[in-house]
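What the coordinates show
Read off the chains here:
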Amino acid sequence: MAQSLYEQLVIQTQMNYSQYYGVYANGGTPVKLTDKKPLPYEQQIETFADRVKLADHVIVGGASGLSAAGGGDFYYAATPPYKKAFRRFYDPRGRLPAWATGGAVAGSSGAI
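Because the structure is a prediction, the values reported are computed rather than measured. (Residues numbered from 1 in each chain as written. Predicted model: local features only at pLDDT ≥ 70, side-chain atom pairs only at ≥ 80, totals over all residues. Heavy atoms only, no water.)

What about the overall build of the protein?
A count of helical and extended segments in the protein gives five helices and zero strands. Traced from its N-terminal end to its C-terminal end, the protein shows the element sequence α-α-α-α-α. By residue count, 12% of the 112 residues in the protein fall in the buried class. Long-range pairs, those at least 24 residues apart, make up 37% of the contacts in the protein between residues at least 6 apart in sequence. Only carbon and sulfur atoms are counted for the fraction: they give 59% of the accessible area of the protein, which is about 9100 Å². (Helix = DSSP H or I, 4+ residues; strand = E, 2+ residues; numbered from the N terminus. Buried < 20%, exposed > 50% of the residue type's maximum accessible area, 1.4 Å probe, protein only. Contact = heavy atoms within 4.5 Å. Areas by Shrake-Rupley, 256 points an atom, 1.4 Å probe, with all protein chains shown as cover.)

Examining helix H1 (residues 5-19)
In this model H1 runs 21 Å from its N-terminal to its C-terminal C-alpha over 15 residues, within 8% of the 21 Å that 1.5 Å per residue would give. Glu-7, Val-10 and Gln-14 are the residues of H1 that are buried. The buried residues of H1 occupy one face: seen down the axis, they fall within an arc of 60 degrees. Among the exposed residues of H1, those oriented more than 90 degrees off its buried face are Leu-5, Thr-13 and Gln-19. (Expected span 1.5 Å × (residues − 1). Arc of directions from axis to C-beta.)

Observations concerning the packing of aromatic side chains
Per the stated rule, a full pass over the model turns up three aromatic pairs. Between the aromatic rings of Tyr-17 and Tyr-21, the centroid separation amounts to 5.5 Å while the plane-to-plane angle is 70 degrees, which identifies the pairing as edge-to-face. Residue class for Tyr-21 comes out partly exposed when judged on its relative accessible area of 36%. Ring centres 6.3 Å apart and planes at 70 degrees place the aromatic pair Tyr-20 and Tyr-24 in the edge-to-face group. (Phe/Tyr/Trp six-rings, centres within 6.5 Å; stacked < 30°, edge-to-face > 60°.)

Section: helix H3 (residues 41-54)
Along its 14 residues, H3 runs 20 Å from first to last C-alpha, staying within 8% of the 20 Å computed at 1.5 Å per residue. Burial within H3 is sparse, with just zero of its 14 residues counted as buried.

Digging into the environment of Phe-86
Looking at the element boundaries, Phe-86 is found in the segment after helix H5 (80-85). Through-space distance from the C-alpha of Phe-86 to that of Val-10 is 9.8 Å; in sequence the pair is 76 residues apart.

With respect to a nonpolar patch on the surface
Taken together, the side chains of Tyr-17, Tyr-21, Val-23 and Tyr-24 make up a nonpolar region of the molecular surface, amounting to roughly 330 Å² of accessible area. Looking at which element gives the most residues to the nonpolar patch, the answer is helix H2 (residues 21-25), with three residues. Judged by its relative accessible area of 37%, Tyr-24 is partly exposed. (Patch = residues over 30% accessible without salt bridge, like charges linked within 9 Å, V, L, I, M, F, W, Y side chains within 5 Å. Salt bridge = Lys/Arg side-chain N within 4 Å of Asp/Glu carboxyl O.)

What about the confidence of the model for the protein?
Averaged over every residue, the pLDDT of the protein is 76; residues scoring 70 or more account for 69%. Mean pLDDT across the secondary structure elements of the protein bottoms out at helix H4 (residues 64-69), with 69, and peaks at H3, with 96. Confidence drops under a pLDDT of 50 for residues 103-112, and excluding neighbours within four residues, the segment shows 17 contacts in the predicted structure. (pLDDT = per-residue confidence, 0-100.)

Written out as structure tokens, the structure is:
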């Protein structure tokens, strides 16, 4: 059976995350974003607040924390919503999804 675009994206995202986990865990990024030195934290907050005040609109994006705040619980266990939404990724042996194991993929070393 062919994978849907969404399923392909989930798999590719997990592969990317697993490849760069050590970099992310140390607070880094695998891509150099700028040569500029960051402003002091207080100045960053002040600049951000000023830009928000001047903006006509503010778009807020969220990731899994926003889903969890809204009641989503399928990130950490094979719950009924997880089984429904990700049935092709569900492991009936009870293993957790790869993103709940710190990046380990089921069947690889380090997986639970």
